[in-house]
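# Residue-level structural notes
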Amino acid sequence: MKKQLKGLTVKSIEWLSEVHILLKLHDEANSMPEVVAGQFVEVKVENSQKTFLRRPISINFVDYKENDLWLLVAVVGDGTKHISELKVGEKVNVMMPLGNGFPISNSTEECLLVGGGVGIAPLLYLGKVLKDKGHKVTYLLGSRNAKGVMMMDEFKKYGDVLLTTEDGSLGEKGFVTNHSIWNNKKFSKIYVCGPTPMMKAVAKVATEKNTECYVSLENKMACGLGACLCCVTEDKNGHNRCVCTEGPVFNINELPWQI
Amino acid sequence: MADLRTNIGALELKNPVLTASGTFGYGEEFADFIDLNKLGGYIIKGTTLNPREGNPYPRMAETPSGMLNCVGLQNKGVQYLVDNIYPRIKDIDSNLIVNLSGSTVEDYAKAAEILDSLDGVKAIELNISCPNVKHGGMAFGTTTEGASQVVSAVRKAYNKTLIVKLSPNVTSISDIAKAVEASGADSVSLINTLMGMAIDAEKRKPLLSMVTGGLSGPCVKPVALRCVWQVKKAVKIPVIGLGGIMNATDAVEFMLAGADAIEIGTANFIDPSTTVKVIEGINEYLDRHNFKSVKEIVGALEV
Ligand SMILES: Cc1cc2nc3c(=O)[nH]c(=O)nc-3n(C[C@H](O)[C@H](O)[C@H](O)COP(=O)(O)OP(=O)(O)OC[C@H]3O[C@@H](n4cnc5c(N)ncnc54)[C@H](O)[C@@H]3O)c2cc1C
Ligand SMILES: Cc1cc2nc3c(=O)[nH]c(=O)nc-3n(C[C@H](O)[C@H](O)[C@H](O)COP(=O)(O)O)c2cc1C
Ligand code: FES
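This write-up is about the structure you can find in this document. (Residues numbered from 1 in each chain as written. Chains lettered and ligands numbered in written order. Predicted model: local features only at pLDDT ≥ 70, side-chain atom pairs only at ≥ 80, totals over all residues. Heavy atoms only, no water.)

### Looking at the overall build of chain B
Operational definition: Helical segments are the DSSP runs of H or I of at least four residues, strand segments are the runs of E of at least two, and each set is numbered from the N terminus. Only protein chains enter the calculation, and the probe is 1.4 Å; a residue is then buried if its accessible area is under 20% of its type maximum, exposed if over 50%, and partly exposed in between. Pairs of residues are marked as contacts when any of their non-hydrogen atoms sit within 4.5 Å. For accessible areas, the Shrake-Rupley method is used with a probe of radius 1.4 Å. Any residue's cover is judged against the shown protein chains and nothing else. Here the positive residues are Lys and Arg and the negative ones are Asp and Glu; neither His nor the chain ends is included. Charged groups are reduced to one reference atom each: NZ for lysine, CZ for arginine, CG for aspartic acid, CD for glutamic acid.
For chain B, the count of helices and strands is nine helices and 16 strands. C-alpha extents for chain B along the principal axes are approximately 55 × 50 × 40 Å. Expressed as a percentage of its 303 residues, the buried residues of chain B come to 62%. Taking all contacts inside chain B whose residues are at least 6 apart in sequence as the whole, residues at least 24 apart take part in 72%. For chain B, the computed accessible surface area is about 11700 Å², with 52% contributed by carbon and sulfur atoms. Taking the average location of the 29 positive side-chain charges in chain B and that of its 33 negative ones, the two points are 4 Å from each other.

### Considering a nonpolar patch on the surface
Under the convention used in this document: In this analysis, a patch consists of residues with relative accessible area above 30% that form no salt bridge, clustered at 9 Å for like charges and at 5 Å for the nonpolar side chains Val, Leu, Ile, Met, Phe, Trp and Tyr. A side-chain nitrogen of Lys or Arg and a carboxyl oxygen of Asp or Glu constitute a salt bridge if their distance falls within 4 Å.
The grouping of B:Met197, B:Ile199 and B:Val211 at the surface amounts to a nonpolar patch, some 290 Å² of accessible area in total. Within the element layout of this structure, B:Met197 appears in strand β11 (residues 194–197).

### Here's the deal with the interface of chain A and chain B
Test applied: Accessible surface is computed with a 1.4 Å probe, and the buried area is the amount of it that two parts give up when combined, taken over both parts together. Polar contact criterion, stated in full: a pair of N or O atoms within 3.5 Å, where within protein one must be able to donate a hydrogen and the other to accept it, and residues adjacent in sequence count only if both atoms are side-chain atoms. For this classification, the nonpolar set comprises Ala, Val, Leu, Ile, Met, Phe, Trp, Tyr, Cys and Pro, the charged set comprises Asp, Glu, Lys and Arg, and every other residue, Gly included, is treated as polar.
On the side of chain B, 33 residues touch chain A, which itself brings 30 residues to the contact. Both sides together, the interface formed by chain A and chain B hides about 2600 Å², and carbon and sulfur atoms give 60% of it. At the surface where chain A touches chain B, the tally comes to one salt bridge. Two residues, B:Glu62 and A:Arg55, come together in a salt bridge whose shortest N-O distance is 2.8 Å. Taken together, the connections running from chain A to chain B amount to 11 residue pairs in polar contact (both at pLDDT 80 or more). Of the residues contributing to the side of chain A that touches chain B, the split by class is 15 nonpolar, eight polar and seven charged.

### Things to note about the pairing of strand β8 (residues 121–127) of chain B
All names here are of chain B. The test is simple: One requirement defines pairing of two strands: DSSP has to find at least two bridges between them.
Most of β8 is tucked away, with six of its seven residues classed as buried. With five bridges connecting them, strand β7 (residues 95–100) and β8 associate as parallel partners. For Ile97, the partnering residue across the bridge sits in β8 and is Ala123. Bridge count for β8 against strand β9 (residues 161–165) is five bridges, and the pairing is parallel. Across the sheet, the residue bridging to Ile124 is Leu162, located in β9.

### Digging into the state of the cysteines
Which entries qualify depends on this criterion: Only a pair of cysteine sulfur atoms within 2.5 Å counts as a disulfide in this structure description.
Summed over the entire model, instances satisfying the criterion amount to zero disulfides over all chains. With no disulfide of its own, A:Cys111 has A:Cys213 as its nearest cysteine by sulfur position, at a separation of 12 Å.

Treat this as a map of the structure, not an account of what it does.
Next comes the structure, spelled out in structure tokens:
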């Protein structure tokens, strides 16, 4: 898959919570490239004194009919703040598609897609692709409270949606790993994206249940192209693996997590 | 269209634009964005005799107008390069230059000897100035004796163009440049990264696993320009300038200060097509100022 630099136009920008935006970017010139769910883009941040490097953001969805790329962004610092201040019609320079993406089986599977916080982002497109290929999709999405629950109408298009909130304001109370589904249903594959402690907790459950499990890492990146080796994670054999090209998705068996 | 050709010792470059080691991988990573055949040369990732895992994560911290890194020369060793990577990249119609590091004089010389036998490797850029390795690396580059020792040893083992990359983390970069010239270097390139550091005040922790790291990007450009200016006056061999070059104007400034060629580093991360844009921009500058050859602007600063 050829990587490209694209000048995209902001089609819409919508605040989904106090800190989350959904950015829809449109390509006026060319069609969106083929992408694998779980791949990411590097967004160039213009006119910032502080932000020098591009920002890696997961592909939330590709709408080929509209020729749009969707990004779900949590505003956590200067770079994401600048992204959130983009105006409709403005141009954004995006490098894409990057990384490996989630592996998908050819035979029909029961898939559990577990997301926490803004980590739900890549799971939307993953669910669509899985559903299109005939897999059965269940989403298990966790957030701190009901305010952090986003894009439910979209997720529901591709699978059952189960929720947990830490304060119990929506869905079951607790963390994703506390949800009753774990006792009620057997899955053949688990895909996880979210904060590292959450991914480790899910990886532990997956290991106990002997279920194949993939996680998506969010290491800090400089190039996003495998050129600088700033983004590495240590694997089980003590080797440094490049997260931007060999990842961001890894099988939990490859990682040295104590589980 | 001006004549962009230039020379680094016996090596002819089709234009003065090279890539800075550690920022351009093996070139292949950028093939989707640019035509690699257009480059004056491509200097690949720092290579050592034996494989190195490099330093632990986190290896990078962003700074205003730049970044710090402490990658620590992660690479699979020179033999892996020869067997697995070299065959894939040797036929790019440009000059393949290997950036070589080591922790002992013997290691440097052995690796240089292996590279000497490869027709497709047109030059070595000797890194005696990496700030991210505990033993050796910068130790050689910070004293005239250390620099002479390693350059003399590699000179014996390597017959083609030998470029020596200098550290700005020294009292007098001109003294090191002179020592390196006297020991047989065909050219010097400068600067490598400036030693720096970044702190997370809330956590009271360093942002880099090694606490310190090398600063690069536009924030180092004034220091780099000054170094090129000083070194050009101190030596007769060609000087390759780098440090914070983001566009053609930056590149021209380095050439006016005395650089015969330039390297593009951190800018590749922001725009992977920077190199080609800089080549086009230099040409445009030369035409606009009625220069016939790029060589005319080298050291042409009017003071
Ligand atoms: C492959 C990949 C996919 C990603 N996908 C998304 C996405 O879809 N949506 C989204 O909102 N974010 C995503 N991120 C994280 C996003 O890149 C960072 O939040 C962003 O770079 C922060 O930039 P900033 O300038 O706003 O914050 P900064 O000023 O750089 O940092 C602000 C705070 O956030 C923390 N932080 C910065 N970068 C990261 C990171 N990579 N991981 C954890 N903490 C970080 C810093 O330590 C600091 O405390 C992804 C990261 C990667 C590597
Ligand atoms: C991530 C990274 C890795 C680097 N690795 C090397 C290396 O292996 N060998 C070397 O001689 N210089 C290395 N450098 C230094 C650059 O080649 C260059 O000297 C420096 O970054 C200054 O130029 P710039 O500001 O244009 O990036 C590295 C720089 C960066 C940012
Ligand atoms: S970010 Fe440069 S290699 Fe991954």
